[in-house]
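This is what each chain is made of:
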Amino acid sequence: MTESSEAEKRDEKKPRGPGVLKVMQSILAGAFGVQSDKRREEDFSSHSPWPYIIAGILFTASFVVGLIVIVNLVLASQ
């Protein structure tokens, strides 16, 4: 067997992390409180919680900043 085919087999066996779209869907569903048990179990079976933690922090920060901007726009128009 060649080295490249062995490396390909190792890459195939290596579990891949969740994709960006899956993380975004999980964060949004969790934020609205509509996360299914099946999806939650899939999220927690992931090897690393860091994609979800980082996405959650970014979502929360952007949500708060968005609310501040909207409130300032409404108050400025009065």
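Note that this is a predicted model, so its numbers are computed, not measured. (Residues numbered from 1 in each chain as written. Predicted model: local features only at pLDDT ≥ 70, side-chain atom pairs only at ≥ 80, totals over all residues. Heavy atoms only, no water.)

(A) Region of interest: the side chain of Asp 43. Counting through the fold element by element, Asp 43 comes out in helix α3 (residues 37-44). Within polar-contact distance, the side chain of Asp 43 engages the side chain of Tyr 52 at 3.2 Å. Contact partners of Asp 43, with chain neighbours within four places excluded, come to Lys 22, Ser 26, Gln 35 and Tyr 52. (Helix = DSSP H or I, 4+ residues; strand = E, 2+ residues; numbered from the N terminus. Polar contact = N/O pair within 3.5 Å; in protein donor to acceptor, adjacent residues only side chain to side chain. Contact = heavy atoms within 4.5 Å.)

(B) How the structure looks around the confidence of the model for the protein. Looking at the protein as a whole, the pLDDT averages 84, with 81% of positions reaching at least 70. Element-level pLDDT for the protein is lowest in helix α1 (residues 3-13), with a mean of 58, against a maximum mean of 95 in helix α4 (residues 50-76). (pLDDT = per-residue confidence, 0-100.)

(C) Expanded view of the packing of aromatic side chains. In the structure shown here, the tally under the stated rule is 1 aromatic pair. Measuring from centroid to centroid gives 6.2 Å for Phe 59 and Phe 63, while their planes differ by 20°, and the two rings are stacked. Of the two residues, Phe 59 and Phe 63 both sit in helix α4, 4 residues apart, roughly one turn of that helix. (Phe/Tyr/Trp six-rings, centres within 6.5 Å; stacked < 30°, edge-to-face > 60°.)

(D) Main features of a nonpolar patch on the surface. On the surface, Trp 50, Ile 53, Ile 54, Ile 57 and Leu 58 cluster together into a nonpolar patch covering about 540 Å² of accessible area. With relative accessibility at 36%, the residue Ile 53 sits in the partly exposed group. (Patch = residues over 30% accessible without salt bridge, like charges linked within 9 Å, V, L, I, M, F, W, Y side chains within 5 Å. Areas by Shrake-Rupley, 256 points an atom, 1.4 Å probe, with all protein chains shown as cover. Salt bridge = Lys/Arg side-chain N within 4 Å of Asp/Glu carboxyl O. Buried < 20%, exposed > 50% of the residue type's maximum accessible area, 1.4 Å probe, protein only.)

(E) Representation of the layout of surface pockets in the model. The computed volume of the largest pocket comes to approximately 220 Å³. Looking at the largest pocket, the residues that line it are Ser 26, Ile 27, Gly 30, Gln 35, Arg 40, Asp 43, Phe 44, Ser 46, Ser 48, Pro 49, Tyr 52 and Ile 53. Listed by contribution, the elements that provide at least two residues to the lining of the largest pocket are α2 (20-32), α3 and α4. For the lining of the largest pocket, a count of residues per class yields 5 nonpolar, 5 polar and 2 charged. (1 Å grid on protein atoms, 1.4 Å probe; cavity = no way out; pocket = protein on both sides within 12 Å on 5 of 7 lines; lining within 4 Å. Points joined across faces, edges and corners; volume = space filled by probe spheres on them. Nonpolar A, V, L, I, M, F, W, Y, C, P; charged D, E, K, R; others polar.)

(F) Looking closely at the pattern of salt bridges. Inspection of every chain in the model, using the stated rule, returns 2 salt bridges. Across the salt bridge formed by Lys 22 and Glu 42, the nearest N and O atoms sit 3.5 Å from each other. Taken together, the positions of Lys 22 in helix α2 and Glu 42 in helix α3 put the pair 20 residues apart, joining distant regions of the chain. Since its relative accessible area comes to 27%, Lys 22 is described here as partly exposed. Note that Asp 37 and Arg 40 form a salt bridge whose closest N and O atoms lie 3.6 Å from each other. Of this pair, Asp 37 and Arg 40 both sit in helix α3, 3 residues apart, which is roughly one turn of that helix.

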